Structures are given as structure tokens and as C-alpha cells.
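# Observations on the three-dimensional arrangement
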Amino acid sequence: AYGIGWAALRYFNAAGADLDGEIGEKHDPETHLIPLVIEAALGQRPSVEIFGTDYPTPDGTAIRDFIHVVDLADAHARALEHLAAGGESAALNLGTGQGHSVREVVAGVGKLCGGRVPANDAPRREGDPAVLVADPSKAQQLLGWRPQNSDLDTIIQSAWKWHSSRSQREK
């Protein structure tokens, strides 16, 4: 109504932690996959549940697009700069355009911690799609934004660093 520009930034699976290990995510109850897997690897929970192993995906588990929180912060800054320069308003998907399965995440954490992560297969959750991956091309075109820290290893390593250091401090 008043000519105010806007940007609707649609996150896919926000994950990871501050690359220096100072800030991370902790929810109660925890519902995000990567922290759940890390907690199981650290012995803070008995296991992680893998909801659905019969999806039409290469390993039967759901595939999601994980985007590092540092890359999300960069997208926010770029969106503000874009709008301040008079750029058009837009709804933008923030993801990598590539997905990773639940089993890939579990294996990635296991590789990092040097052990097997206790995991239990469970039925699918109603309404969960087999694959959910972003098309970030509009954010790339409009903002010049490309994720720089969103490969799965970097996401897991940054989250592991934060969770494991937090675990040590709490002992």
C-alpha cells in the first residue's frame, strides 16, 4: 500500500552452527534431524528415529535440502542490500538445490565421530514427501547469492563442534 519493498525468504532445512563454534541450535524438545543424530552419537539420547525407509529414493529414506545458517545470514544481508538499492520485492527459496537422505546424514555424523550412530527404523510420518529440494535460482539471480558453507560435511562439522563443546562444558 505504501511502496515498501519486501523479501520473503523461504528456508529449506536450516542447519549447522556458527563456524567458530560459539552459537548453535538447541530446542526442547529437539525436532531437527542433525542435532538429533549428533545427540545420539554423543550418547545424550539412546538413538535417533529414521521415519520412513520405503520411500522411492536410492536408500529408501527421505531426502531434504540442508542449508547452513551462515549462508542464510548472508542471504538476509543481500536481500536487505537489494531492497535498499531499490530492487524488486520477491519471494525467494533458500536452499542448495541438492538433497541428502536421512541415512546420509546419519552416516556423515558417524564418519565424523568415528563410530556408529544408534538409529532405529520407524514408520513414515503422515504427509512427509519423499524428496523436498529447493530451486534457489531466483535468489542466485536477484541477489547474486550462492551458498558457500552448505555442503553436508561443513554443516555436520559445524554442528558437531558446537554440540560436542557444549556437552563438554556441561559435564
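Everything here concerns the structure above.
Cut-offs used in this document
Residues numbered from 1 in each chain as written. Predicted model: local features only at pLDDT ≥ 70, side-chain atom pairs only at ≥ 80, totals over all residues. Heavy atoms only, no water. Axes fitted to C-alpha atoms, helices over the stretch in contact; angles between N-to-C directions. Helix = DSSP H or I, 4+ residues; strand = E, 2+ residues; numbered from the N terminus. Parallel < 35°, antiparallel > 145°, perpendicular 65-115°, else oblique. Left-handed = near helix turned anticlockwise from the far one by under 90°. Contact = heavy atoms within 4.5 Å. Phe/Tyr/Trp six-rings, centres within 6.5 Å; stacked < 30°, edge-to-face > 60°. Lys NZ or Arg CZ within 6 Å of the ring centre and 35° of its normal. Expected span 1.5 Å × (residues − 1). Core = buried A, V, L, I, M, F, W, Y, C linked by side-chain atoms within 4.5 Å. Buried < 20%, exposed > 50% of the residue type's maximum accessible area, 1.4 Å probe, protein only. Salt bridge = Lys/Arg side-chain N within 4 Å of Asp/Glu carboxyl O.

## Looking at the packing of helix H1 (residues 33–41) against helix H3 (residues 102–113)
It is at 10 Å that the axes of H1 and H3 come closest, and there the two elements cross at 40°. In terms of axis orientation, H1 runs oblique to H3. The two elements H1 and H3 meet at a crossing, and its hand is right-handed. Contacts from Leu33, Ile34, Val37, Ile38 and Ala41 of H1 reach H3 at Val102, Val105, Val106, Val109 and Cys113.

## Side note on the packing of aromatic side chains
This structure, assessed with the given rule, holds zero aromatic pairs. The side chain of Arg124 reaches across the aromatic face of Tyr55, ending 4.2 Å from its centre.

## Some points on helix H2 (residues 69–84)
At 3.6 residues per turn, the α-helix brings residues three or four places apart onto the same side. With 16 residues, H2 extends 23 Å between its outermost C-alpha atoms, agreeing within 8% with the 22 Å of an ideal straight helix rising 1.5 Å per residue. Positive backbone phi, approximately 90°, marks Gly86, located one or two places after H2.

## Regarding the nonpolar core
Among the nonpolar cores identified, the biggest contains 23 residues, and Ile34, Val37, Val48, Phe66, Val105, Val109 and Val117 are the most heavily contacted of them. Mapped onto this core, the elements with two or more residues apiece are H1, strand S3 (48–51), H3 and helix H5 (152–170). Those residues in contact with Val105, other than ones at most four positions away along the chain, are Leu33, Ile34, Val37, Phe66, Leu152 and Ile156.

## Quick look at the pattern of salt bridges
For side chains of opposite charge, pairing can occur when their charged atoms come near one another. Applying the stated rule across the entire model yields six salt bridges. Between Arg45 and Glu39 there is a salt bridge, with its nearest N and O atoms 2.8 Å apart. With its nearest N and O atoms 2.8 Å apart, the salt bridge here joins Asp54 to Arg124. Residue Asp54 is found in the loop between S3 and strand S4 (63–64), and its partner Arg124 is found in the loop between strand S8 (119–122) and strand S9 (131–132); the two are separated by 70 residues along the sequence. Take Arg124: its relative accessible area is 41%, and that puts it in the partly exposed class. Taken together, the shared-partner salt bridges in this structure form one network comprising Lys26, Glu39 and Arg45.

Just distances and angles here, no functional claims.
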